[in-house]
Amino acid sequence: MKLSDAIRIQAEPQGRFNLRNSDGHTDAMGGALQSVGRLDDYLKHGGGEDCVVFSDEQRQVLRELGWLELLSVAVDCPACSTYPQRLYGRITHLNDKHEWSRDQIADFVQTVEAAPVKVDEKLKV
Ligand SMILES: [Zn+2]
């Protein structure tokens, strides 16, 4: 499943600041993982709910989903003039800082999927 579709089809209320909050609400990225049934698996392997630290197992989950390269693409923020950031962190940024809806974030991710740019190795997940 495309990442943008996995974000969009998540019907649960949207949370902020964590992949999944204590009330069960997921952010855009957590919701995408939930949509494909991999959120528990992903969280179990720890490594951080922020956008900086990933465990090898989490990378593997993203690789299996076919999202790893896409999430490593460096993108500018469509809503402010902050520095370029890999898509994974950008999704979190749009979710938490700009409080974008799942649909808005999915629309943005779709544009990245449609025109992927070169992966920035320094920013790679
Ligand atoms: Zn921004």
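Computed from a predicted structure; not experimentally measured.

Peer 1: Now, about the nonpolar core: what can you tell me, with residues and values included?
Peer 2: In terms of nonpolar packing, the biggest core is built from 26 residues, with I7, I91 and I105 touching the most fellow members. Elements with a minimum of two residues in this core: α1 (3-8), α2 (28-35), α3 (39-44), α4 (56-65), α5 (68-71), α6 (87-96) and α7 (102-114). The contact partners of I105, leaving out residues within four places of it in the chain, are I7, A28, I91, L94, N95 and W100.

Peer 1: Go over unusual backbone geometry, please, and point to the residues and values.
Peer 2: One non-glycine residue, F17, adopts positive backbone phi at about 75°. Position of F17 relative to the elements: it lies in the loop between α1 and α2. Residues other than glycine seldom take positive phi values, yet E99 does so here, at roughly 55°.

Peer 1: Go over the packing of α6 against α7 with me, naming the residues and quoting the values.
Peer 2: Two elements in contact, α6 and α7, have axes whose closest approach is 11 Å; the angle formed by their N-to-C orientations is 155°. Regarding the angle of α6 to α7, the classification is roughly antiparallel. Helix-helix and strand crossings are classified by hand; for α6 and α7 the assignment is right-handed. The residues of α7 that touch α6, namely those facing L87, I91, L94 and N95, are I105, F108, V109 and V112.

Peer 1: Kindly report on α4, identifying the contributing residues and their values.
Peer 2: For α4, every residue scored as buried is listed here: Q58, V61 and L62. For α4, the arc enclosing every buried residue in end-on projection is 95°, short of the 170-degree limit, so these residues lie on one face. Across from the buried face of α4, at angles greater than 90 degrees, the exposed residues are D56, R63 and E64. Looking at the buried positions of α4, the neighbouring elements they touch are α3 and α5. One or two residues past the end of α4 sits G66, with phi positive at roughly 80°.

Cut-offs applied
Residues numbered from 1 in each chain as written. Predicted model: local features only at pLDDT ≥ 70, side-chain atom pairs only at ≥ 80, totals over all residues. Core = buried A, V, L, I, M, F, W, Y, C linked by C-beta atoms within 7 Å. Buried ≥ 20, exposed ≤ 12 C-beta atoms within 10 Å, placed from the backbone. Helix = DSSP H or I, 4+ residues; strand = E, 2+ residues; numbered from the N terminus. Contact = placed C-beta atoms within 7 Å. Axes fitted to C-alpha atoms, helices over the stretch in contact; angles between N-to-C directions. Parallel < 35°, antiparallel > 145°, perpendicular 65-115°, else oblique. Left-handed = near helix turned anticlockwise from the far one by under 90°. Arc of directions from axis to C-beta.

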